[in-house]
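# Structure assessment
Each chain, written out:
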Amino acid sequence: MSPDLTRIGSVWLLGCGNMGGALLHRWVAAGLTRITIIDPSPRDLPNGVDAGAAAPAGTGPDVLVLAVKPQLLAEAAVPLLARLKPDTLVVSILAGTTCATLSSLFEGRAVVRTMPNTPARIGQGVTALFAPQAAGREAAEALMAAAGTAVWLDDEGQFDAVTAVSGSGPAYVFAFIEALAAAGVAGGLPEKLAAELALRTVGGAAALAMTGEADPTALRIAVTSPNGTTAAGLAVLGADAALDRLVTATVAAAQNRSLELGRPV
């Protein structure tokens, strides 16, 4: 069931790139109408939604959603400060930008830090949230639940790992699809056929795992006949823990970069 966004009030979306745009589409689909996009070059706006390079005249928003690049935050946000209401809720999707930084920049207003991912565009995203205060939690969760699953963190320090796993994770999956298709071509398949087989195999496997009927380990075992073709392939992935080491190193690199983005310049 879609969350009720009618009680949120007015929303300003600062930045409308890939992630901001993905969330915007879900909010519009969920019935959010009082929304203003502030971006001189927005991407892929929903039908009937406009954007501007500056904040509109009139009363400030009930919720300000930050979706600009972290390094552009101060430049983009400072002109808005005088326009915000004292109780404007600040919701951030910026990697590496702490609640303390946001609270300081926005003069003590309530903040909620989040990390969504791009499957939000089709309502299949997962968003981690953290708030140092109770105020604004319900509104922030409703906004993110419109794009998929919303989960709350107990410790803000978990965000770097969350960013590396779920925030960046879709790109890892897309890269695997590309690699699986390329392997099919190397094995003699036409490029178009290999691409379709790889895409639908990954999509179908993920959908099966999402049913919850069995965990990924049980599903892997079920499809792996002793001494069969799958076992032969998995023997390569599992040799010297090759897959585990590669994925661990991949996530660690992304996590370290998230930590770097959070350090003062």
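Attention in this report is confined to the structure presented alongside it.

### Things to note about the environment of Trp12
You can see Trp12 is positioned in strand S1 (residues 11-14). Using a relative accessible area of 4% as the deciding quantity, one classes Trp12 as buried. On a C-alpha basis, the gap between Trp12 and Arg34 in space is 8.5 Å, while along the polypeptide they are 22 residues apart. When neighbours within four sequence positions are excluded, Trp12 is seen to be in contact with Thr36, Ile38, Ala55, Pro56, Thr59, Gly60, Pro61, Val63, Leu64, Val65, Leu80 and Arg83.

### What to know about the sheet that holds strand S7 (residues 125-130)
Pairing within the open sheet is mixed, and its eight strands lie in the order S3-S2-S1-S4-S5-S6-S7-S8. Only two strands of the sheet have a single neighbouring strand rather than two, namely strand S3 (51-52) and strand S8 (148-152). As paired strands, strand S6 (residues 111-115) and S7 are joined by three bridges and run antiparallel to one another. Residue Thr114 lies in a different strand from S7, and its bridge partner there is Leu129. Lying over the sheet, helix H5 (residues 159-167) contacts S6 and S7, oriented at roughly 40 degrees with respect to S6.

### Here's the deal with the packing of H5 against helix H10 (residues 242-261)
Where H5 contacts H10, the axes come no closer than 8 Å and their chain directions differ by 135 degrees. With respect to each other, H5 and H10 are oriented oblique. Note that H5 runs across H10; the crossing there is right-handed. Contacts from Asp160, Ala161, Thr163, Ala164 and Val165 of H5 reach H10 at Val251, Ala254, Gln255, Ser258 and Leu259.

### With respect to the pattern of salt bridges
Under the criterion given, the structure shown has seven salt bridges. Here Asp62 and Lys85 are joined by a salt bridge, their closest N and O atoms 2.5 Å apart. Taken as a pair, Asp62 in the loop between S3 and strand S4 (63-66) and Lys85 in the loop between helix H2 (73-77) and strand S5 (89-92) lie far apart in primary sequence, 23 residues in all. On the basis of relative accessibility, which here comes to 22%, the residue Lys85 falls in the partly exposed class. Taking the shortest distance from any N to any O, the salt bridge between Glu260 and Arg257 comes out at 3.1 Å. Placement of the pair is Glu260 and Arg257 together in helix H10, with a separation of three residues, close to one helical turn.

### Topic: the pairing of S6
S6 sits mainly inside the fold: five of its five residues count as buried. Because side chains alternate across S6, one face comprises the buried residues Val111, Arg113 and Met115, and the other comprises Val112 and Thr114, equally buried. Examined bridge by bridge, S5 and S6 share three bridges and lie parallel to one another. Note that in S6 the partner of Ser92 across the bridge is Arg113. The β-α-β motif built from S5, the intervening helix H3 (residues 99-105) and the parallel element S6 has right-handed crossover chirality.

### Describing the nonpolar core
Where a protein is soluble and globular, its nonpolar side chains tend to be buried together. In this structure, Leu13, Leu23, Trp27, Val63, Val65 and Val91 are the most contacted members of the largest nonpolar core, which totals 30 residues. Leave out the neighbours within four places in its chain, and Leu13 touches Gly20, Leu24, Trp27, Thr36, Ile37, Ile38, Val65 and Ala67. Core analysis: the next-biggest nonpolar cluster, separate from the first, contains 24 residues, Leu64, Cys99, Val111 and Val162 among them.

### Here's the deal with the layout of surface pockets
Remark: the empty space left among the atoms is shown by a probe the size of a water molecule rolled over them. There is about 2300 Å³ of room inside the largest pocket. At ten residues, helix H6 (residues 169-186) tops the list of elements feeding residues into the lining of the largest pocket. The class makeup of the residues in the lining of the largest pocket is 30 nonpolar, 15 polar and two charged. In this structure, the second largest pocket encloses a volume near 910 Å³. What lines the second largest pocket is a set of 31 residues, among which Met19, Ala67, Val68, Lys69 and Pro70 lie closest to the centre. Of all the secondary-structure elements, those providing two or more residues to the lining of the second largest pocket are helix H1 (18-29), H2 and H5. Tallying contributions element by element places H1 first for the lining of the second largest pocket, with three residues.

### With respect to H6
Over its 18 residues, H6 runs 26 Å from end to end, which matches the ideal 26 Å to within 8%, given 1.5 Å per residue. The complete set of buried residues in H6 reads Gly169, Pro170, Ile177, Ala181 and Gly184. Seen along its axis, H6 keeps its buried residues to an arc of 125 degrees; they face one direction. Seen from the open side of H6, the exposed residues pointing more than 90 degrees away from its buried face are Glu178 and Ala186. Those residues of H6 hidden inside the fold are in contact with H5 and helix H7 (191-210).

What counts as what
- Residues numbered from 1 in each chain as written.
- Predicted model: local features only at pLDDT ≥ 70, side-chain atom pairs only at ≥ 80, totals over all residues.
- Heavy atoms only, no water.
- Helix = DSSP H or I, 4+ residues; strand = E, 2+ residues; numbered from the N terminus.
- Buried < 20%, exposed > 50% of the residue type's maximum accessible area, 1.4 Å probe, protein only.
- Contact = heavy atoms within 4.5 Å.
- Pairing = 2+ DSSP bridges.
- Axes fitted to C-alpha atoms, helices over the stretch in contact; angles between N-to-C directions.
- Parallel < 35°, antiparallel > 145°, perpendicular 65-115°, else oblique.
- Left-handed = near helix turned anticlockwise from the far one by under 90°.
- Salt bridge = Lys/Arg side-chain N within 4 Å of Asp/Glu carboxyl O.
- Right-handed = clockwise from strand over helix to strand, strands pointing away.
- Core = buried A, V, L, I, M, F, W, Y, C linked by side-chain atoms within 4.5 Å.
- 1 Å grid on protein atoms, 1.4 Å probe; cavity = no way out; pocket = protein on both sides within 12 Å on 5 of 7 lines; lining within 4 Å.
- Points joined across faces, edges and corners; volume = space filled by probe spheres on them.
- Nonpolar A, V, L, I, M, F, W, Y, C, P; charged D, E, K, R; others polar.
- Expected span 1.5 Å × (residues − 1).
- Arc of directions from axis to C-beta.

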